[in-house]
Amino acid sequence: MAKITIDNKEVECRDGITVLQAALEAGWDIPHYCYHPGLSIVASCRLCLMEMQMPHPKTGEMDWAPKLLPSCQTPVKDGMVVRFNSETVKKNQRDCMEFFLLNHPLDCPVCDQAGECYLQDYSYRFGRAESRMVDQKTVNPKKDIGPRPLLYSDRCVICSRCVRFTREISGTFELHVTQRGSRSEIDVFPGRPLDNPVQGNVVDICPVGALLDKDFLFKKRAWEFRPANSICPGCARGCSIRIDQDEDVVYRLKPRYNPKVNDWWICDEGRFGYKYIHDESRVKGPILRRGQSVTRLLWEEIPDILRFRFQEHVEKHGGDKVAAVLSPFMACEEAWLLGRFIREMAPQAALAMGPVPLEDEDQRFPVGAKGEAVKFEISKEKCPNRRGVEAILEQAGGTVLAFEDFIEKAGADAFSAAWIVGGYPKPWLEKAVAKKLSGKSELLVVQDIFPNDLMAEATFVLPACSWAEREGCFMNIDGLIQPFDWAIHPPDGVKRDGQYLFEIAGYTGLYSGKRVRELMAATMPAFAEVLAAPQLAAHAH
Amino acid sequence: MIDDKDILLIEEPKLTASERLFLPQIFDGMGTTIRHFFKSLVGTPMTVQYPEVQREQRLENYRGVHRLNRDEQGRVACVACFMCATACPANCIHIEGAESPWPDREKYPTRFDIDELRCIYCGMCEEACPVDAIELTPGHDLVGRSREEMVFDKEELLAIYDKTKDIKPRKNPRITGYPGTGNRPGAQDEQKEKHQR
C-alpha cells in the first residue's frame, strides 16, 4: 500500500497503479478522455494533467515542478505529493476543453450521445461558457466504417480509445488515426471495414458522440431510460449488462463492469440478441386443453388445477410415470421451484435438463490469444444457466436423466405425465424429437416463450417470459452465481415464470429471487448470499 | 411504495358555527355577482358578445394551441431532439425521430403528436426548443368531437403554422445559445465584430 497526498489529503492506494486511477478510486472527479482502465495508456488528451512536488535541482528542497505532468501515466510512489486543485491545473483543463470544442459542431440536440457525453459533462464542469473560435470550423464527413457503428468524425476528440480497443481487446486492428494535428481522423483501411464480433464496444468506450450505434441511432434519448441491472443470457459466460428500457420496450443493452467475468465488454451477439423479446408470435396467456376444447385459464386457478391434476395422475399411474424437463434458460430459483413441485407430487419422478445449444468452439479475444493474454471470451454454450440447473438437479437427487435418455424413455412410453420447459430464443425442439414425444403423455404441461410442436397436444400451455422480464440468478460457466433484476413487465396476459412457479410450488405472496434463495440455502449454501458485481462510480470509466 | 416518513397526516380544520351554516359565504359571493351586474349596466361591460364580437388577439405572449414551424424550404423545422418532450410537465408530447432524408439535416421527426387535452399550455416546450420549431399561437378556440381528435399530429401542427404564420412569424432560428453558431443571416459577422471590439 502506497500513501500519497492529493490536494493536501492523504490517500492510501494499491501499488502499481497510476495517480489518476488512485484519485478516481478515492473519489476525485478528474476529467480524462484517453485513459480507460481496460486499455493501454497513451496520455494524449492532456486533460488529467496535475502538479507534482519534486526536489529542486539547485537546493534539493521539495517544490512544485514547473511543468504539469499527466496523472494517468505517472505511477504512484510512497510519499508522493500531487495536486489537482491549483489554478494552473484548472487553467489547463479549461484550455484543453476549448481546444476539444474548437471544431465541435455543438449539435447536442441531434446527437445520440447527449446526456451521457463526456464532452458535455466536462465542458459544463471544467470548460468555459463561450467559444472564442471565429474561423470556419473544419467539417469532417460522416463515415460508414462498418455494419454496426457509425463514425461522426466531426465530434471526435481523437482520444484513440477505439483504435486501442481494436488493437488490444479485439485484436483485429481495423481502426487507425489518419492525418496529423488538427486534421487527425479515425478511419478504417480501404476494403477492411470494422467488422468483428465485439465491435459494439467501441461505441461504449467512445467518450463523445463520434461512434454511434446504427441499431440505436435516433431511437431514444439517453435520459429517458429506466435501466435495470441484468446478466446477458446469450452464452454461458454471463456478462454483466444493463438493460435500457422505457415503457416496457428494451432499446439497447450496455455492458456493466464486472472484473470477474467480462470487465468492460460484451459481444455483439449478446448486445443485439435481445430483439426476440418483443416478437409478436410469443405465447400469450395460459391455456387448458380438454380433448378438442381449449379454455383460457385464469392465473389464479392454475396452482390448484395443476396440483389436482398431478395428484390424480400419480394416484392413478404411480409416481415413476412423471417427468420434468428443466431448461438451461431458467433461473436457478425457477428450476428449484419446479423441481420441488414435481418431487412433492411424485418423489420418484424423473428430472432432466433440456438440450444445451452448442457452437463449434469458444471465441477468445484478442483474436488468437491463449491463456493469460485472453481479455474477453464468448462461450460456445449458448445458454446462461446450464451449470445452475445441473447443480439443482444434482441436489434434487433421485432419477436425473440426460435429455437424450429422457427422449428415449419417453419414446418407449415410460412417462405419462410430463412438464416440459423451453424458453429458448430460437426454435429448440427438433421435429424428430417432437414426433417421438407426441402422443405419449396423458398430462402434458408445456412452458415456452414461443409456440413449439408439442403445444398442439399439451394439456396445459404456460407462457414463459424472456430473461428481461424475470428475476433470479444464473450460474455461469465458472460456477459464479450472479443475480439479475427484471427490467420490463411481461406482455399482457403473461405472468412471470418465477411468480407462478412460486405459487404452484405452494408458496404465497410475491416472488422474489432473494426470498427463494433463502429457501434454497437450506440445502444449497452457495445460494445463501448472491451478490451483484459492485458498481463503479460513473466518473471512473 | 411510499415511505412512512413521506406520509404527512393533516387534520381537517374545524368549522365555526357561522361557517357551518354556509349562508354568509353564499351572500358574500352573490354580492360580488350583483355588484358587477349593476356596474355593467351603468359603465362599459367586462364581457363581449362572442362570437359576433371578438377580443383583439394578444400575439406577443398568449399561450394557445401549438404549431410546428417550417424552415425556409418548407420542411418541418423540428430536429427531433426531444427537448420539448423532456421539458413537458404534462407528458403530452410524443415524438419519433429518424434519419432525415435531406443532406443538410441530421434528424427529423417521423411522428410528432401533442395531446392538446393533456397539455397545460405552460409554454415550456417553446422555451426548451433549440431551433424554435415549436411555438404556441394565440389560437384559443380549440374544439373537437373526441379525445382522439384532440391529439394533434405533425401534419395538423404544420397546418396551424401555415394558418398563423402571417399574424405571428417564426422567431429567429438559432442552433445553440452560442452567438455566431446559428444560421441567422449575419450571425458570423456579429461574432467577428464582437471580437474586434
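Predicted model, so just to flag it, every value in this text is computed and none were measured. (Residues numbered from 1 in each chain as written. Chains lettered and ligands numbered in written order. Predicted model: local features only at pLDDT ≥ 70, side-chain atom pairs only at ≥ 80, totals over all residues.)

**Focus: the overall build of chain B**
Consideration 1: Broken down by element type, chain B carries 6 helices and 5 strands.
Consideration 2: Beginning at the N terminus, the succession of helices and strands in chain B can be written as α-α-β-α-β-β-α-β-β-α-α.
Consideration 3: Split into buried and exposed, the 197 residues of chain B put 19% on the buried side. (Helix = DSSP H or I, 4+ residues; strand = E, 2+ residues; numbered from the N terminus. Buried ≥ 20, exposed ≤ 12 C-beta atoms within 10 Å, placed from the backbone.)

**What about the sheet that holds strand S2 (residues 93-99) of chain B?**
Residues and elements named next belong to chain B.
Consideration 1: The 3 strands lie next to each other as S2-S3-S5, forming an open sheet whose pairing is antiparallel. The sheet is open, and its two edges are formed by S2 and strand S5 (151-152), each paired on a single side.
Consideration 2: Its contacts with the sheet put helix H5 (residues 154-164) on strand S3 (107-115) and S5, and the angle it makes with S3 is roughly 85 degrees. (Pairing = 2+ DSSP bridges. Contact = placed C-beta atoms within 7 Å. Axes fitted to C-alpha atoms, helices over the stretch in contact; angles between N-to-C directions.)

**Quick notes on the environment of Pro149(A)**
All names here are of chain A.
Consideration 1: For Pro 149, the position within the fold is in strand S8 (residues 149-152).
Consideration 2: Considered as a pair, Pro 149 and Ala 43 are 106 residues apart in the sequence and their alpha carbons are 25 Å apart.
Consideration 3: Contact partners of Pro 149, with chain neighbours within four places excluded, come to Leu 194, Gln 199, Val 202, Val 203, Leu 211, Leu 212, Asp 213 and Lys 214.

**Notes on the confidence of the model for chain B**
All names here are of chain B.
Consideration 1: Put simply, chain B has an average pLDDT of 85, and 86% of its residues get 70 or more.
Consideration 2: When mean pLDDT is taken per element in chain B, S5 scores highest with 96 and helix H6 (residues 187-196) scores lowest with 57.
Consideration 3: Predicted confidence is poor over residues 175-185, with pLDDT under 50, and the contacts of this stretch with residues over four places away or in other chains come to 24 contacts.
Consideration 4: Both scores are given for the predicted complex: the pTM is 0.85, the ipTM 0.80. (pLDDT = per-residue confidence, 0-100.)

**Side note on the pairing of strand S16 (residues 293-296) of chain A**
Residue and element names in this part refer to chain A.
Consideration 1: Inspection of the sheet shows strand S15 (residues 287-290) paired to S16 by 4 bridges, in the antiparallel sense. If you follow Ile 287 over to S16, its bridge partner there is Arg 296.
Consideration 2: In this structure, the hairpin formed by S15 and S16 is closed by a connection of 2 residues, where Gly 291 is found at a positive phi of approximately 60 degrees.

**Thoughts on helix H7 (residues 302-317) of chain A**
All names here are of chain A.
Consideration 1: Taking 1.5 Å per residue as the helical rise, H7 with its 16 residues ought to reach 22 Å, and the 22 Å between its terminal C-alpha atoms agrees with that figure.
Consideration 2: Taken as a whole, H7 has its buried residues at Leu 306, Phe 310, His 313 and Val 314. For H7, the arc enclosing every buried residue in end-on projection is 100 degrees, short of the 170-degree limit, so these residues lie on one face. Looking at H7, the residues exposed on the side facing more than 90 degrees away from the buried face are Asp 304, Phe 308, Glu 312, Glu 315 and Lys 316.
Consideration 3: Positive backbone phi, approximately 95 degrees, marks Gly 318, located one or two places after H7. (Expected span 1.5 Å × (residues − 1). Arc of directions from axis to C-beta.)

**A short note on the sheet that holds strand S14 (residues 249-255) of chain A**
Residue and element names in this part refer to chain A.
Consideration 1: Pairing is antiparallel in the open sheet, where 3 strands are placed in the order S12-S13-S14. The open sheet has two edge strands with one neighbour each: strand S12 (228-231) and S14. When strand polarity is set aside, the average angle formed by the axes of neighbouring strands in this sheet is 35 degrees.
Consideration 2: Inspection of the sheet shows strand S13 (residues 240-246) paired to S14 by 6 bridges, in the antiparallel sense. Its bridge partner lying in S14, Ile 241 is registered against Pro 255.

**As for the packing of H7(A) against helix H12 (residues 497-504) of chain A**
Residue and element names in this part refer to chain A.
Consideration 1: Their axes nearest at 8 Å, the elements H7 and H12 cross at an angle of 55 degrees. For the element pair H7 / H12, the angle class is oblique. In this structure, H7 meets H12 at a crossing whose hand is right-handed. Counted together, Ile 302, Pro 303 and Leu 306 of H7 and Tyr 500, Glu 503 and Ile 504 of H12 form the full contact between these two elements.
Consideration 2: Residue composition of the contact of H7 with H12, grouped by class: 5 nonpolar, no polar and 1 charged. (Parallel < 35°, antiparallel > 145°, perpendicular 65-115°, else oblique. Left-handed = near helix turned anticlockwise from the far one by under 90°. Nonpolar A, V, L, I, M, F, W, Y, C, P; charged D, E, K, R; others polar.)

**Regarding unusual backbone geometry**
All names here are of chain A.
Consideration 1: Residue Pro 366 is bonded to the preceding Phe 365 through a cis peptide linkage, with omega at 0 degrees.
Consideration 2: With respect to the element layout, Pro 366 can be found in the loop between strand S19 (363-365) and strand S20 (376-378).
Consideration 3: Of note, Phe 218 is a non-glycine position whose phi angle comes to about 65 degrees, a positive value.

**Side note on the environment of Arg496(A)**
Residues and elements named next belong to chain A.
Consideration 1: Relative to the assigned elements, Arg 496 resides in the loop between strand S26 (481-484) and H12.
Consideration 2: When the 19 C-beta atoms within 10 Å are taken as the criterion, Arg 496 is described as partly exposed.
Consideration 3: Distance in space between the C-alpha atoms of Arg 496 and Gly 16 is 47 Å, their sequence separation being 480 residues.
Consideration 4: With near-sequence residues (within four places) excluded, Arg 496 lies in contact with Cys 465, Glu 469, Arg 470, Pro 490 and Tyr 511.

**With respect to the nonpolar core**
Consideration 1: Grouped together as the largest cluster of nonpolar side chains are 152 residues, with contacts concentrated most on Ala324(A), Leu326(A), Leu338(A) and Ile342(A).
Consideration 2: It is helix H8 (residues 332-345) of chain A that contributes the most residues to this core, 8 residues altogether.
Consideration 3: One finds Leu68(B), Cys88(B), Tyr108(B) and Cys129(B) within the second-largest nonpolar core, a separate group that totals 29 residues. (Core = buried A, V, L, I, M, F, W, Y, C linked by C-beta atoms within 7 Å.)

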